[in-house]
Amino acid sequence: MFVSAVASHVSKTKRTKQRTIVDEATRELHVRRNLAELEKEPSMELRFDVAKELLSHRSFPITIRRILTSKKTFVNYVDETPDNKYQNCVSRPSKRAPRRFCGVCGYWGVYACQNCGIGYCSKDCETVHLDTRCMKVYA
Amino acid sequence: MTLPSNTLILDNGAYTIKAGFPNDECLSIPNCLCRSKDGNRLFLGDEISVCKDFSSLQFKRAHEKGYVTNWSTEISLWDQTFQRLGIQDQKMNGHSLVLTEAPFTMPSIQMNTTQVVFEEFEFDSLFTGLPAEFVAWNDLRSAFKEPKEWGAYKDCVLVIDSGYSFTHIIPVMNGIAMEQGIRRIDLGGRFLTNYLKEIISYRKFNMMKDFYLVNEIKEATCFVSQNLKKDMEMGRRLRRNPLQMFYALPDYSSGRMGGVISSTSAADAREQQILGLCTERFVTPELLFSPSDIGMHQSGIPETVMQSLEQFPEDLAALFLANIVLVGGNVKLPGFRTRFEAELRALAPSTAQVRSYLPKDAITFAWQGAGSMPMEFFQLGSVSRHEFAEHGMNVFRRKKMSLRLDAHK
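Residues numbered from 1 in each chain as written. Chains lettered and ligands numbered in written order. Predicted model: local features only at pLDDT ≥ 70, side-chain atom pairs only at ≥ 80, totals over all residues. Heavy atoms only, no water.

### Details of the pairing of strand β10 (residues 125-129) of chain B
Residues and elements named next belong to chain B. Of all 5 residues in β10, 5 are buried, a share of seventy percent or more. Here β10 shows no split at all, with Ser 125, Phe 127 and Gly 129 on one side and Leu 126 and Thr 128 on the other all buried. Assessed by its sense of winding, the connection that carries the chain from strand β9 (residues 96-100) through helix α2 (residues 107-120) to β10 is right-handed. Two elements, β10 and strand β20 (residues 383-384), share 2 bridges in a ladder whose sense is antiparallel. Directly across from Leu 126, in β20, lies its bridge partner Val 383. (Buried < 20%, exposed > 50% of the residue type's maximum accessible area, 1.4 Å probe, protein only. Helix = DSSP H or I, 4+ residues; strand = E, 2+ residues; numbered from the N terminus. Right-handed = clockwise from strand over helix to strand, strands pointing away. Pairing = 2+ DSSP bridges.)

Written as structure tokens, this is what we have:
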């Protein structure tokens with residue numbers, strides 16, 4: 001029986017798994033998480049310190065010892081500052097519309113993935129995206 | 001009159017420490033502790049030069065987001081710096097320190113820094129300032145080719161400091177930063193390298209653990225595009241692509257160094273892995289001009305400059321626009337200055353002149369400026385150990401205020 005190209009395409013999409021469309025808020029959350037990941041200092045979470053011998057010849061007064069053993073992180077320092085100058089001096093969002101690039105090859109991202117919102121430029125890039133990255137990052 | 005010769009100038013950056021005595025050579029030491037992949041070898045600061053295997057090198061910095069939080073690492077790095085400068089003693093009695101700090105450093109961090117400087121290292125006096133405040137003391141008149149008769153125009157400088165941790169736009173007047181105009185973009189060399197690392201790992205080879213190598217690749221291949229549309233189209237060409245660059249990856253086991261190669265055939269013969277880069281070369285630095293590309297709700301550098309200048313009256317803003325200085329590691333990317341001027345020219349009012357200067361050595365420019373600081377300014381603003389012991393942290397604020405008032409004389 002003759003099956004037209006269009007009909008076979010339609011039946012193919014019916015066979016693929018249910019597409020879950022992620023809402024705007026989750027996409028924003030994911031973008032922010034990705035930005036935090038990019039901002040991170042590489043291997044900052046690993047615990048290693050200078051060899052003890054390098055500092056052993058110094059006898060630290062009590063104030064310095066307190067500074068050296070304090071476990072305060074940067075966020076702690078920011079939180080305990082009374083004024084908001086550090087937070088307020090950040091640049092405002094741009095007036096220009098954000099551009100979208102293809103997540104696979106880097107060309108202009110004219111189309112957007114239905115599920116996760118990442119741009120892609122052509123059918124080939126869409127296939128690669130669906131195979132590798134789509135929805136896996138939300139896991 | 002210039003600074004006394006026993007004054008130590010220390011530009012405490014998150015990527016490198018630039019240190020030295022005035023009118024001397026500037027010493028650059030990587031401001032981190034590195035550990036090799038297997039965890040056996042530790043490299044402090046410039047010991048990294050003897051390292052042969054950079055794969056999966058782990059970093060530990062004293063700085064967190066541009067501010068010093070880990071003092072044990074920093075004290076050992078400062079020890080190494082002072083040793084390299086020829087100072088054998090642990091205590092620095094008889095020396096004064098000129099130290100840089102990031103804008104809006106938290107008071108508790110400032111307290112920690114001051115305590116380490118005075119109580120541990122025992123410097124005689126301390127002068128803190130932003131790197132941008134020191135930039136203004138350089139000989140900018142010859143940089144902008146102004147005739148001497150025009151007077152002290154250079155009292156107004158807009159400094160764009162784009163470094164490892166972030167980018168700041170800082171208007172400086174008479175050597176003091178104008179706080180209301182300081183703006184920050186949370187994009188720095190580290191972010192760009194991480195971004196490049198991510199796209200290379202997705203499209204070519206997995207380099208997620210090789211920050212050091214991707215940093216080298218970024219510095220060797222990236223450039224700022226003047227016309228993104230044109231470069232994107234050119235970058236898509238399959239044959240004879242003028243933007244394509246090949247980077248031969250180093251082979252640490254055999255000791256072969258990596259580098260940019262002109263043709264792939266020679267490297268194939270040597271069986272080196274080749275990384276082909278095209279659009280990645282200019283899309284990475286494009287983030288500095290358009291952070292919204294990656295979803296960041298901040299503006300690019302030219303737009304942020306205009307945001308910063310909104311705080312000032314029109315004629316002052318026009319003065320700043322005519323005296324822009326670009327410093328920091330990221331401004332060394334090829335094409336940065338031209339692109340920056342072009343974009344800013346489009347945003348700035350038509351009556352204002354947009355003029356920027358990119359120094360030959362953008363990384364040590366702030367250090368050089370600190371060395372040219374006039375003696376009166378230094379004496380008025382530096383805090384001695386005795387004064388700190390008597391009055392505490394308040395004395396720093398008082399000295400800064402007196403500098404601001406005195407500058408208008």
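### Some points on the pattern of salt bridges
Overall, the coordinates contain 25 salt bridges over all chains when judged by the stated rule. Across the pair Glu120(B) and Arg58(A) runs a salt bridge whose closest N-O atoms are separated by 2.6 Å. Of this pair, Glu120(B) sits in helix α2 while Arg58(A) is found in the loop between α3 (52-56) and α4 (62-69), placing the two residues in two different chains. By the burial criterion, Glu120(B) is buried, and Arg58(A) matches it. In this structure, Glu310(B) engages Arg92(A) in a salt bridge whose closest nitrogen and oxygen atoms are separated by 3.2 Å. With Glu310(B) in the loop between α10 (301-309) and α11 (314-322) and Arg92(A) in the loop between α6 (85-88) and β1 (111-112), this residue pair bridges two chains. Of the residues examined, Glu310(B) reaches a relative accessible area of 47% and is grouped as partly exposed. Overlapping salt bridges, with partners in common, bring together Arg96(A), Arg99(A), Glu286(B), Asp293(B), Glu303(B), Arg339(B) and Glu343(B) in one network. (Salt bridge = Lys/Arg side-chain N within 4 Å of Asp/Glu carboxyl O.)

### A look at the interface of chain A and chain B
Taken residue by residue, the interface counts 61 residues in chain A and 72 residues in chain B. In this assembly, chain A and chain B are joined by 11 salt bridges. With its nearest N and O atoms 3.9 Å apart, the salt bridge here joins Arg96(A) to Glu303(B). Taken together, the connections running from chain A to chain B amount to 35 residue pairs in polar contact (both at pLDDT 80 or more). Only α2 (24-39), α3, α4, α5 (74-79), α6 and α7 (123-132) of chain A provide two or more residues apiece to the side of chain A that touches chain B. (Contact = heavy atoms within 4.5 Å. Polar contact = N/O pair within 3.5 Å; in protein donor to acceptor, adjacent residues only side chain to side chain.)

### Points about the packing of aromatic side chains
Residues and elements named next belong to chain B. Enumeration according to the criterion identifies 27 aromatic pairs over all chains in this entry. Consider the rings of Tyr 67 and Phe 166, whose centres lie 6.0 Å apart with planes at 70°: the pair is edge-to-face. Here Tyr 67 is found in strand β8 (residues 67-68), whereas its partner Phe 166 is found in the loop between β11 (156-162) and β12 (167-173), with 99 residues between them in sequence. Among the residues examined, Tyr 67 registers a relative accessible area of 2% and is labelled buried. Chaining the aromatic ring pairs together yields one cluster made of Trp 71, Trp 78, Phe 82, Phe 121 and Phe 123. (Phe/Tyr/Trp six-rings, centres within 6.5 Å; stacked < 30°, edge-to-face > 60°.)

### Observations concerning the UniProt feature "domain: HIT-type" (unreviewed entry) in chain A
The UniProt record marks residues 98-125 of chain A with the feature "domain: HIT-type" (unreviewed entry), using the residue numbering of this structure. Helix makes up 11% of residues 98-125 of chain A and strand 14%, whereas the separation of the span's terminal C-alpha atoms amounts to 21 Å. (UniProt positions renumbered as here; feature names shortened; annotations may be inferred.)

### Here's the deal with empty space enclosed by the protein
According to the stated counting rule, one finds 1 cavity of 30 Å³ or more in the structure shown. Of the voids in this model, the largest cavity is the one considered here, and its volume is about 30 Å³. Lining of the largest cavity is provided by Glu39(A), Tyr86(A), Lys65(B), Ser165(B), Phe166(B), Asp186(B) and Arg190(B). Partitioned by chemical class, the residues of the lining of the largest cavity number 2 nonpolar, 1 polar and 4 charged. (1 Å grid on protein atoms, 1.4 Å probe; cavity = no way out; pocket = protein on both sides within 12 Å on 5 of 7 lines; lining within 4 Å. Points joined across faces, edges and corners; volume = space filled by probe spheres on them. Nonpolar A, V, L, I, M, F, W, Y, C, P; charged D, E, K, R; others polar.)

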